[in-house]
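Coordinate analysis (summary)
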Amino acid sequence: MILDRNGNGYRWYVVVLLLAIFILSYFDRYILSLLIEPLKKSIDLTDFQVGLLLGPAFSLFHVIVGIPLGWYADRTNRKYLLIAGILIWCAMTTGNGFVTTFLALFLLRLGLGLGEAVVTPASISIISDYFNRTERGRAISIYMAGPYLGAGLAFLAGGFIVSHLESLGQVDWPLIGERAPWQAAFIFVGIPGFLFALMMLTVREPERQGRTGSAQGISVAFKYILKRWRGFGALFVGSSCNFAMIATTLWTVPLFQRVYGWSIAEVGAVTGLFYFTAGPLGTALAVWAQKRFETKYKDASMRLLLLGLLIVIPTSALYPIMPTAELAMVLMFITFIGKSVATAGGPSSMMQITPGEIRGQSMAIFSTVIALVGPLLGLPLIGRAIDATGDPKSIGIVLSAYVLIVGVPAIILLCLGLRHYRAAVHDLEQALKA
């Protein structure tokens, strides 16, 4: 059955396809976290170098090219831009299976970041043009389940794949030759993405909506945000904090391996199960809360972000220092629910205060800012702090301290910025009526 490209079913088909692509991007991004200990042994890496691979190696191009790509997304066919990004990141992921040095891994992670930099700005922009302002929040909330489903798939399926490959040891694979288990894992997860690039050809580029004028240059997007810096700033602080909490999950596998003695398969199975259960629970809570908040508040999406952080910060600070793995897992499950709620609130909040002609650029600016605290700066700092203690098992204390240092000030600033965000919503509503 062929869907009517102007019908409601087709709009949701596009959301589901873009969600699947988002899931895959996070699978490819997170698979490295399952391979930390094998990589450390194979290439003799320090925790600081691991932090560089997890963070800056991936996020650097997000920061450098994210905004120009967002500008380009406001002027070109977003579908083909997204296809190009998929092809690049899948090639980079697959390429990790053919290298054996830290420098080569670092460069390929840079390429992965380049390919994935276009995903969120282009996808959010496409979805926003398929749905009106009253429906947009729910569609974006569903799309933003991608990080949790993708990370869950990486931990659950990735943990099984890595464990199975390790049981096989060095295997002479057809066409690609002899590969170490960690190299074969990268190849396994990189290849399927090329199919999604083909599926994107079924997507119709939507007509752009919600514009107050013609497409604008990057300077206009910056000026628009800076003029309302208090409202945008509160959003950036809150979302940056949530992304920093998400980034700490990349240290989950070594945390449970070093402190509680779990295997990769055990950590992957439980963490993946949490993503597939707590993630959808958080998304459902976000959709429900969004509908309730929308009936009373102009800053509904920001309140959703705040609700998520109020769940995330205390539980994220506690679970790494629990005396038993069971207690840690209970708190981590609650943490994942909160992260899912907060993640849904961020992009929805951004779309409610951004005119259509700078939507791609604004999301690129948003993605660039939130990438600074967690992946780009936080992850290597965590690794450096662990190295500085001289005890790999100090990872729990380091993670807990990092959460409190980042999280508590973020909640305070977000609360103080709510009224300024409401003013930015009012500004856009008045401009659209003019």
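Residues numbered from 1 in each chain as written. Predicted model: local features only at pLDDT ≥ 70, side-chain atom pairs only at ≥ 80, totals over all residues. Heavy atoms only, no water.

Concerning a nonpolar patch on the surface
- Nonpolar side chains collect at one region of the surface, where Tyr80, Leu195, Leu198, Met199 and Leu201 lie side by side and expose about 500 Å² of accessible area between them.
- Sort the elements by how many residues they give to the nonpolar patch and helix H11 (residues 193-199) lands first, with three residues. (Patch = residues over 30% accessible without salt bridge, like charges linked within 9 Å, V, L, I, M, F, W, Y side chains within 5 Å. Areas by Shrake-Rupley, 256 points an atom, 1.4 Å probe, with all protein chains shown as cover. Salt bridge = Lys/Arg side-chain N within 4 Å of Asp/Glu carboxyl O. Helix = DSSP H or I, 4+ residues; strand = E, 2+ residues; numbered from the N terminus.)

Observations regarding the environment of Leu82
- Take Leu82: it is sitting in helix H5 (residues 78-95).
- Judged by its relative accessible area of 0%, Leu82 is buried.
- Taking the C-alpha atoms as reference, Leu82 lies 8.6 Å from Gly115; in sequence the two are 33 residues apart.
- Not counting chain neighbours up to four residues away, the residues in contact with Leu82 comprise Leu18, Val118, Val119, Ser123 and Met200. (Buried < 20%, exposed > 50% of the residue type's maximum accessible area, 1.4 Å probe, protein only. Contact = heavy atoms within 4.5 Å.)

Some details on the packing of aromatic side chains
- Within the structure shown, the criterion is met by 19 aromatic pairs.
- Aromatic pair Phe22 and Tyr26: ring centres 5.4 Å apart, planes at 85 degrees, arrangement edge-to-face. Placement of the pair is Phe22 and Tyr26 together in helix H1 (residues 8-30), with a separation of four residues, close to one helical turn.
- What makes Phe22 buried here is its relative accessible area of 3%.
- Each ring, one from Phe155 and one from Tyr275, has its centre 5.7 Å from the other, and the planes form 10 degrees; the classification is stacked. In this pair, Phe155 is assigned in helix H9 (residues 146-168) and Tyr275 in helix H15 (residues 264-294), connecting sequence segments 120 residues apart. An identical accessibility class is assigned to Phe155 and Tyr275; each is buried.
- Taken together, the aromatic side chains of Phe22, Tyr26, Tyr30, Tyr143, Phe155, Phe274, Tyr275, Phe333 and Phe336 make up a single cluster linked through ring pairs.
- The cationic tip of Arg303 hangs over the ring face of Tyr297; the distance from NZ or CZ to the ring centre is 3.7 Å. (Phe/Tyr/Trp six-rings, centres within 6.5 Å; stacked < 30°, edge-to-face > 60°. Lys NZ or Arg CZ within 6 Å of the ring centre and 35° of its normal.)

A closer look at the nonpolar core
- If you look at the biggest cluster of nonpolar residues, it comprises 134 residues, and the most contacted ones within it are Tyr30, Met200, Trp251, Phe256 and Met350.
- It is helix H19 (residues 395-433) that provides the largest number of residues to this core, a total of 14 residues.
- Ignoring anything within four residues of it in the chain, the contact list for Met200 reads Leu17, Leu18, Ile21, Lys79, Leu82, Ile83 and Ile86.
- With five residues, the next largest nonpolar core counts Ala286, Ala289, Leu304 and Ala344 among its residues. (Core = buried A, V, L, I, M, F, W, Y, C linked by side-chain atoms within 4.5 Å.)

Considering the packing of H1 against helix H7 (residues 119-130)
- Where H1 meets H7, the axes come as close as 10 Å, and the angle between the chain directions of the two elements is 170 degrees. It follows that H1 is roughly antiparallel to H7 by the angle criterion. Residues Tyr10, Arg11, Val14, Val15, Leu18 and Phe22 of H1 pack against Val119, Thr120, Ser123, Ile126, Ile127 and Tyr130 of H7. (Axes fitted to C-alpha atoms, helices over the stretch in contact; angles between N-to-C directions. Parallel < 35°, antiparallel > 145°, perpendicular 65-115°, else oblique.)

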